[in-house]
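# Observations on the model geometry
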Amino acid sequence: MSKVTYLTEVAHTVIDIEPGTSLMAAAVANAIDGIFGECGGNAMCATCHVFVEEGPFTALPPISDAEEEMLDCTAAPRRPNSRLSCQIPATSELDGLVVRIAEEQL
Ligand code: FES
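In this text, all values refer to a predicted model and were calculated from it rather than measured experimentally.

Calculation rules
- Residues numbered from 1 in each chain as written.
- Predicted model: local features only at pLDDT ≥ 70, side-chain atom pairs only at ≥ 80, totals over all residues.
- Heavy atoms only, no water.
- Salt bridge = Lys/Arg side-chain N within 4 Å of Asp/Glu carboxyl O.
- Helix = DSSP H or I, 4+ residues; strand = E, 2+ residues; numbered from the N terminus.
- Buried < 20%, exposed > 50% of the residue type's maximum accessible area, 1.4 Å probe, protein only.
- 1 Å grid on protein atoms, 1.4 Å probe; cavity = no way out; pocket = protein on both sides within 12 Å on 5 of 7 lines; lining within 4 Å.
- Points joined across faces, edges and corners; volume = space filled by probe spheres on them.
- Nonpolar A, V, L, I, M, F, W, Y, C, P; charged D, E, K, R; others polar.

## Brief notes about the pattern of salt bridges
Applying the stated criterion across every chain, the model contains six salt bridges. The closest approach of N and O atoms between Arg78 and Glu68, which form a salt bridge, is 3.0 Å. On the criterion of sequence distance, the pair formed by Arg78 in the loop between α2 (65–71) and β4 (82–84) and Glu68 in helix α2 is long-range, its members being ten residues apart. For Asp72, the salt bridge identified is with Arg78, shortest N-O distance 2.9 Å. Residue Arg78 is classed as partly exposed on the basis of its relative accessible area of 32%. The network of salt bridges with common partners includes Glu68, Asp72 and Arg78.

## A short note on the layout of surface pockets
Empty space among the atoms can be located by rolling a probe the size of a water molecule over them. If you add up the space inside the largest pocket, you get close to 150 Å³. If you go around the largest pocket, the residues you meet are Thr8, Glu9, Gly34, Arg79, Arg100, Ile101, Ala102 and Glu103. Classifying every residue of the lining of the largest pocket gives two nonpolar, two polar and four charged.

Below you can see the structure in the form of structure tokens.
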């Protein structure tokens, strides 16, 4: 399990995530506001946009070509720390990661 913190302007939620479950799927399963995951985690909708703020950055998986393309289509402007949360499967190395949910997804 890895503990991941999701931040918004009004909430701070910590979820214990099973290895292999994406940060998007965990957020949706836990009814976290602001992450929609409309394409089911296929890097085709950009409604799971987050900003990685703290934690083990070096343990993050690299950005694939598909993620790279979708990050240019996000509703909230892309930042250097932008990621699609569906493309980040939880691993024990990611314990302590903190992500901020993009203020706009659609
Ligand atoms: Fe669609 Fe992440 S859920 S891009």
